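# Inside the fold
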Amino acid sequence: MVKTILTRRALLKSGVITAGTLAMPSIVRAQSVTEMTMLAWYGQAEPDAVAQFEELHNVKITPKYYVGGEQMLALLAQSPPGTYDLIHADAEYVQQLVRANFVEKLDPEDYHFDDFYPEFHKFPGHWHNDELYAVISRFGFLGISHNLDAVSVKEASSYDMLWDGKHKDKVGHFDWHLPNLGVLSLRDGNSDPYDIGGDAWSKLQDTTLSLKPQVRGFYDYGGVLSSLKSGEVTVMPGIGEWITGVLRRDGANVTTTIPEQGGIQFTESFSIGRGSRKADLARKFIQHTSSPDGQFTLANLNVFPAIIPSKVGWERMISERPDDARHLGIFKGDGNSIDLIRKGRIHIRQLPVQQDLADWNDFWSAYKSA
Amino acid sequence: MTTLISIRRLSRLAYGGLWSLPLPLWLAGFFLGPMILLIWLSFWDVRNFLLTPDFQIENWQKMLSADYFWAAYLRTTLIALSAAALASLIALPCALAISFFLGLKARMVVLGLFVVPFFTSYLVRIYSWQIYLTENGIIMKTLAAIGIDSGSLLNTPFALMIGLVTLTLPLVIVIQSISMLSLDKTLIDAAYNLGCGPRRVLFATVLPAVRPGIVLGALFAFIFSFGDFVTATYLGGGKFTTLSILIADTVKSGQQWPRAAVVALVMIATLLISALGAISYAYRRA
């Protein structure tokens, strides 16, 4: 009879071999996973947004989140070329990305533009000297967001309701001058809300200051959500479904109305960072976001829902998520979001044309202190 | 013999020097250095959202000539003074009770309880207050149930004071208590023996003797309230623009770090002058 003696050395040896064998597939996989960097607004590189692409291409997307386009530009200015493979930006900042040479030229043939509504085939902010630099991913409208228990859709059909005495101390502001002054500029009757002369700018300042007695507070993203949900404020100008869509998921009776004077459009897009060593992979990611699958995903991101430019994506939203689609203005017939754009009621958010950005910011600080 | 004494003196000097070294090193590395950088930064320029070293006084001119800057300065000072006064007034009877009416064990327990709030993040404590003060919060619902319409509590000066007192009160109580506990109790006995009543003992003996503790407690409350961002943002709703909020706004839009540095330097100067003034008053001979 042969006796097997398990020595300590033999035990350790077999343990190491077993552990190595079991871990091998993970090690091999980990070695082959490519890392891609993304500079983006929060939520764009969370699992619900990128897991499908990551699995498909065996890639790990590492985000660097920013708050505000100016912070994004500052981060890019302080980083060497190639730091970020993908850049997610609002349309008003794409032109600045191009001017500062932070992004690569794109080939329109690479993307699913044929699936998009014609309005987005050549979206103004994304092209420069007839060259494409960014591909739209999704967009949304900013008007009046309101609690339906306190403010009806009919009442919210004019910005004038903000001055109504019954809403005193119930009006809130998202703490950013650009959307707020944009919608109030529309209320003043400016057909191009960001391209206004000296007189219109003075009038806009007076209009805004006259609203201050109605204002309850100035809030960041979290504050906007909690104040609207708790009933601390019942109406907010200059925000949209990107807030009310999130609150509705949580059971709040809120919506966004685009008043007769018009609304503001924000637009998100993806570009490839200058000097990216993974430009091919970045291109594939942008192709994915413009595909019907990618567009459906983008419309329903956890961070907040938004409208998509893809007609095929619209069909899917209408059949699979009809309630969300309706609130976003994704439906067939009069009054849908494309219809609002075609009727000229929607104006693209942009940086002030005739004033310095610092002037708008200084005025906003003065308004908050008033 | 002389050599031996010199070596002893030298080694004593080296020993003392070694123990004293961390203080100047710390001050140079974490106060003087950043302060010089901040002063330098206030003269820089921002071009295309990028900080550029420069030496221009435009940032100072811009901020010091802006009405909204001075409005924020005045507001911040008033809010901080009110919070310091309120915290000191509330702390005074607490500190008197802890120092003169509680036994040793009870005193240790109570002082320990005042330290407990520091175990929780200040931000969390302020968020908790939002739940109490909000429209459908516990306070308003309770008041409504007994027929009192208190109006909105959040984003009001009342909410601001709640937040700032939450921040400063425990510290003020501890400082005042330490000051009162170190008071020579024979002074109180002497005052009673000379025929003083309790009120006169308090105002003519105890309070003048613990003045440094009261003033230093108020000074700390003022310093914390003056630079606070959290309460002004989450309980004031950003409606009361303080200097801290102004710094955040200035950086957020246009990446104007140099202008924010100007605001920060004015704040530091104000606090330094306040601290020097308060300390000199606290230890001034009556």
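In this text the structure is predicted, and so the values were computed from the model without any measurement. The written sequence of each chain sets the order in which its residues are numbered from 1. All chains are assigned letters beginning at A, and all ligands numbers beginning at 1, according to the order in which they are written. Reporting of local features is limited, given that this is a predicted model, to residues whose pLDDT is at least 70; pairs of side-chain atoms are given and counted only at 80 or more, and all residues count toward the totals for whole chains, interfaces and linings. The side-chain figures draw on all heavy atoms in the structure; neither hydrogens nor water molecules are used.

The next point concerns the overall build of chain A. In terms of helices and strands, chain A carries 14 helices and twelve strands. Expressed as lengths along the three principal axes of its C-alpha atoms, the size of chain A is roughly 100 × 50 × 45 Å. Any residue under 20% of the maximum accessible area for its type is buried, any over 50% is exposed, and the rest in between are partly exposed; the area is computed with a 1.4 Å probe on protein chains only. Per-residue burial over chain A gives 55% buried out of 370 residues. Contacts are assigned to residue pairs with any non-hydrogen atoms lying within 4.5 Å of each other. Within chain A, counting contacts between residues at least 6 apart in sequence, those at least 24 apart form 74% of the total. Using the Shrake-Rupley algorithm and a 1.4 Å probe, accessible areas are obtained, with residue cover drawn only from the displayed protein chains. When the accessible surface of chain A is totalled, it reaches about 15,900 Å², and 54% of it is carbon and sulfur. Side-chain charges of chain A comprise 37 positive and 46 negative groups, with the mean position of each set lying 9 Å from the other. What counts as a helix is a DSSP run of H or I of at least four residues, what counts as a strand is a run of E of at least two, and both are numbered from the N terminus. Asp and Glu are treated as the negative residues and Lys and Arg as the positive ones, with His and the ends of the chain left uncounted. Every charge is mapped to an atom, namely NZ of Lys, CZ of Arg, CG of Asp or CD of Glu.

Contact residues are listed per partner, giving 27 residues for chain A and 24 residues for chain B. Salt bridge, as applied in this entry: a Lys or Arg side-chain nitrogen positioned within 4 Å of an Asp or Glu carboxyl oxygen. Linking chain A with chain B are three salt bridges. Counting of polar contacts relies on pairs of N or O atoms within 3.5 Å, with two restrictions inside protein: one atom must be capable of donating a hydrogen and the other of accepting it, and residues adjacent in sequence are counted only when both atoms are side-chain atoms. Counting across the chain A and chain B interface gives 13 residue pairs in polar contact (both at pLDDT 80 or more). Counting only elements with at least two residues in the side of chain A that touches chain B, the list comes to α3 (69–77), β8 (215–219) and α14 (357–369) of chain A. Among the elements that take part in the side of chain A that touches chain B, α14 of chain A stands out by supplying six residues, more than any other. In terms of residue class, the side of chain A that touches chain B is built from seven nonpolar, ten polar and ten charged. Any residue outside Ala, Val, Leu, Ile, Met, Phe, Trp, Tyr, Cys, Pro, Asp, Glu, Lys and Arg is labelled polar, Gly included; the first ten of those are nonpolar and the last four are charged.

With that settled, consider the domain arrangement of chain B. Residues and elements named next belong to chain B. For the purposes of this description, domain bounds are those given by an automatic or database domain assignment. Domains assigned within chain B are domain 1 (1–41) and domain 2 (56–282). Just the C-alpha atoms count here: the centres of domain 1 and domain 2 sit 35 Å apart. We define buried area as the total accessible area lost by two parts upon association, computed with a 1.4 Å probe and summed across both. Of the roughly 470 Å² buried between domain 1 and domain 2 on both sides combined, carbon and sulfur atoms contribute 87%. Three residues stand out in domain 1 for area buried against domain 2, namely Met35, Leu38 and Leu41, and they jointly supply 81% of the buried area on that side. Linking domain 1 to domain 2 there are zero salt bridges. In this assembly, domain 1 and domain 2 are joined by zero residue pairs in polar contact (both at pLDDT 80 or more).

In this model, the second largest pocket occupies a volume close to 910 Å³. Think of a 1 Å grid over the protein atoms and nothing else: a 1.4 Å probe that fits but is trapped marks a cavity, an open set flanked by protein within 12 Å on at least five of seven lines marks a pocket, and residues with an atom within 4 Å of a point count as lining. Forming the walls of the second largest pocket are 38 residues, and the residues nearest its centre are Gln96, Arg99, Leu351 and Leu357 of chain A together with Phe49 of chain B. Elements represented by at least two residues in the lining of the second largest pocket include exactly α3, α4 (91–99) and α14 of chain A together with β1 (45–47) and α13 (243–252) of chain B. Each residue belonging to the lining of the second largest pocket can be placed in one class, and the counts come to 19 nonpolar, twelve polar and seven charged. Grid points are joined across faces, edges and corners, and a volume is the space filled by probe spheres set on the points.

The next subject is empty space enclosed by the protein. Applying the stated criterion across every chain yields a total of three cavities of 30 Å³ or more. Roughly 60 Å³ of internal volume is contained in the largest cavity. Gln44, Ala49, Val50, Phe270, Phe285, His288, Thr289, Gly294, Thr297 and Leu298 of chain A are the residues that line the largest cavity. Looking at the lining of the largest cavity, the elements with two or more residues in it are α2 (47–57), α9 (279–290) and α10 (292–299) of chain A. When its volume is computed, the second largest cavity comes out at roughly 50 Å³. Thr76, Ile79, Leu160, Leu164, Ser225, Asp228, Ala232 and Thr242 of chain B are the residues that line the second largest cavity. Its residues assigned to classes, the lining of the second largest cavity comprises four nonpolar, three polar and one charged.

With that settled, consider the confidence of the model for chain B. pLDDT measures the predictor's confidence residue by residue and takes values from 0 up to 100. Here chain B shows a mean pLDDT of 91. Residues at 70 or above account for 98%. Considering each helix and strand of chain B separately, the mean pLDDT is smallest for strand β2 (residues 50–52) of chain B, with a value of 82, and largest for helix α11 (residues 211–226) of chain B, with 97.

Okay, the nonpolar core next. All names here are of chain A. Definition used in this section: a nonpolar core is a set of buried Ala, Val, Leu, Ile, Met, Phe, Trp, Tyr and Cys residues joined via side-chain atoms within 4.5 Å. Grouped together as the largest cluster of nonpolar side chains are 111 residues, with contacts concentrated most on Met36, Met38, Met72, Leu97, Phe120 and Phe285. Among the elements that line this core, the one with the most residues is strand β6 (residues 135–147), at six residues. Residue assignment places this core across two domains, with domain 1 (33–139 + 267–328) and domain 2 (140–264 + 348–369) each supplying three or more. In this structure Phe285 touches Met36, Met38, Val50, Phe53, Ile61, Leu86 and Phe270, once residues within four positions along its chain are discounted.

The subject of this paragraph is the packing of aromatic side chains. For Phe, Tyr and Trp, rings pair up if their centres lie within 6.5 Å, where Trp contributes its six-membered ring, and each pair is then called stacked (planes under 30 degrees apart), edge-to-face (over 60) or tilted (otherwise). Within this structure, the stated rule accounts for 33 aromatic pairs over all chains. Aromatic pair Phe139 of chain A and Phe141 of chain A: ring centres 5.8 Å apart, planes at 50°, arrangement tilted. According to the relative accessible area criterion, Phe139 of chain A is buried, its value standing at 0%. Taken together, a centroid distance of 6.2 Å and an interplanar angle of 35° make the contact between Phe43 of chain B and Trp60 of chain B tilted. A residue pair is termed long-range when its members are at least 10 positions apart, and Phe43 of chain B in the loop between α2 (22–41) and β1 and Trp60 of chain B in helix α3 (residues 58–64) qualify at 17 residues. Residue classification places Phe43 of chain B among the buried positions, given a relative accessible area of 14%. Among the aromatic residues, ring-to-ring pairing joins Tyr194, Trp201, Phe218, Trp360, Phe363, Trp364 and Tyr367 of chain A into one connected group. The residue whose ring lies beneath Lys122 of chain A is Trp127 of chain A, and the NZ or CZ to ring-centre distance is 4.8 Å. Charge over a ring is defined by NZ of Lys or CZ of Arg lying within 6 Å of the ring centre and within 35 degrees of the ring normal. A cation over a ring is seen here: Arg326 of chain A above Phe331 of chain A, with NZ or CZ 4.6 Å from the ring centre.

Here we come to α3 of chain A. Residues spaced three or four apart along an α-helix face the same direction, because each turn holds 3.6 residues. Within α3 of chain A, seven of the nine residues are buried, which leaves the element mostly enclosed by the surrounding structure. For α3 of chain A, the full list of buried residues reads Gly69, Glu70, Met72, Leu73, Ala74, Leu75 and Leu76 of chain A. Elements in contact with the buried residues of α3 of chain A: β1 (34–41), β2 (59–66), β3 (86–90), α4 and α14 of chain A together with α13 of chain B.

Residues and elements named next belong to chain A. In this structure, Asp130 takes a positive phi of about 65° despite not being glycine. Tracing the sequence through the fold places Asp130 in the loop between β4 (127–128) and β5 (131–132). The backbone of Asp169 sits at a positive phi, close to 70°, despite the residue not being glycine. Since its relative accessible area comes to 24%, Asp169 is described here as partly exposed.

Bringing the side chain of Gln214 of chain A into the picture now. As for its position among the elements, Gln214 of chain A is in the loop between α6 (198–211) and β8. In this view, Gln214 of chain A contacts Leu162, Trp163, Asp164, Gly165, His167, Lys168, Asp169, Lys170 and Val171 of chain A; residues no more than four positions away in its chain are not counted.

Moving on: the packing of helix α10 (residues 198–209) of chain B against α11 of chain B. Residues and elements named next belong to chain B. Orientation of α10 relative to α11, taken along the N-to-C sense of each, is 60°, at an axis distance of 4 Å. It follows from the interaxial angle that α10 and α11 lie oblique. Between α10 and α11, the contacting residues are Leu207, Pro208 and Ala209 on the first element and Arg211, Pro212 and Ile214 on the second. Looking at the contact of α10 with α11 residue by residue, the classes come out as five nonpolar, no polar and one charged. In this description, a line fitted to the C-alpha atoms serves as the axis of each element, helices being fitted only across the stretch in contact, and the angle between N-to-C directions of two axes falls anywhere from 0 to 180 degrees. The labels follow the angle: roughly parallel below 35 degrees, roughly antiparallel above 145, roughly perpendicular from 65 to 115, and oblique for the rest.

Our focus in this paragraph is α11 of chain B. Residues and elements named next belong to chain B. A rise of 1.5 Å per residue sets the reference length of α11, with its 16 residues, at 22 Å; its end C-alpha atoms lie 22 Å apart and thus fit the reference within 8%. Along α11, the residues that are buried comprise Arg211, Pro212, Gly213, Val215, Leu216, Gly217, Leu219, Ala221, Phe222, Ser225 and Phe226. Against α4 (67–101), α8 (157–181), α10, α13 and α14 (257–282) lie the buried residues of α11. One fewer than the residue count of a helix, multiplied by 1.5 Å, yields its expected span.

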